[in-house]
Each structure stands twice: as C-alpha cells, then as structure tokens.
Amino acid sequence: MNQRLIVILGGGSIGKRHASNFLDLGVKTALVETKPERQAEILEKFGNHPNFVGVYSLLNEVPSNNSQPAAVICLPTDLHLKAARECLSRHWPMLIEKP
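A short tour of the structure in this document, coming up. Per chain, residues are indexed from 1 in the order of the written sequence. With the structure being a predicted model, the display of local features is reserved for residues of pLDDT at least 70 and the display and counting of side-chain atom pairs for 80 or more, all residues being used for whole-chain, interface and lining totals. Only hydrogens and water are set aside when side-chain values are computed; all heavy atoms of the structure are taken into account.

One number sums up the size of the largest pocket: a volume of about 420 Å³. Lining the largest pocket are 20 residues, with Leu9, Val32, Thr34, Leu75 and Leu79 sitting closest to its centre. Polarity classes work like this: nonpolar for Ala, Val, Leu, Ile, Met, Phe, Trp, Tyr, Cys and Pro, charged for Asp, Glu, Lys and Arg, and polar for all others, with Gly in that last group. Looking at the lining of the largest pocket residue by residue, the class counts come to 9 nonpolar, 6 polar and 5 charged. Using only the protein atoms, space was sampled on a 1 Å grid; points where a 1.4 Å probe fits but cannot get out form cavities, open sets with protein on both sides within 12 Å along at least five of seven lines form pockets, and lining residues are those with an atom within 4 Å of a point. Grid points are joined across faces, edges and corners, and a volume is the space filled by probe spheres set on the points.

By nonpolar core is meant a set of buried Ala, Val, Leu, Ile, Met, Phe, Trp, Tyr and Cys residues that side-chain atoms within 4.5 Å join together. Only protein chains enter the area calculation, which uses a 1.4 Å probe; residues under 20% of their type maximum are buried, those over 50% are exposed, and those in between are partly exposed. Within the largest apolar cluster, 14 residues are counted, with the highest numbers of intra-cluster contacts made by Val7, Leu9, Leu59, Val62, Ile73, Cys87 and Trp92. In DSSP terms, a helix is any run of H or I states spanning at least four residues, a strand is any run of E spanning at least two, and both are numbered starting from the N terminus. Element by element, the count of residues in this core is highest for helix H3 (residues 80-89), at 3 residues. Those residues within four positions of Leu9 in sequence are excluded, and the remaining contacts are Val32, Leu59, Ala71, Val72, Ile73, Cys74, Leu75, Ala83 and Cys87. Whether two residues are in contact is decided by their heavy atoms, any of which lying within 4.5 Å being enough.

One can find Asn51 in the loop between helix H2 (36-46) and strand E3 (52-56). Owing to a relative accessible area of 15%, Asn51 belongs among the buried residues under this scheme.

Quick look at the structure:
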C-alpha cells in the first residue's frame, strides 16, 4: 500500500512549519503555493529532502501516486472555505489551520 501524500495548501510560515514537521516524520509531502517567490523559498528549504514531492501552483497539478492524499489548509482565513470545498470534491480528508 502506498503511503498517503500530505498536501499543504499555502507556503507561508505556518505551511512551511507543517511541511517541515511532516517531512521530519518521514511523510511524503507536497505544497501548493501560487507565489513564485515562496515557491523558490520552499524549493530551497525542502528540495533535497527525500520525502519532498514538490511545490505546485495548482491543486490539480499534485500527483496522487494511486493513493488518496490528505490536505492541510494553511491559507488566509478568507480562502479556507474555497480550499475546503476543493478538497471535499476530491474526497480528501483535511485539517484546516485555525484563523
């Protein structure tokens, strides 16, 4: 059975903290971040980690590797509902970071 992929939505400080924790635990982790400067920071910080899957601009770009990903939503509060609906439409379990 493939390990579940954790997809962090948002590459700000909280998203990077969650990603670091999951990676340290040996969990395959990807991030979705739309800002190119944050994408570069994420690649610099996690790019060589063996469990880092990648950073993507869109949720649709994240590979599923034949397993159901789970999401951690670390976006500004006003984007939580839209992101949660996208995850629900994919039947992904999720954790929504508190505002």
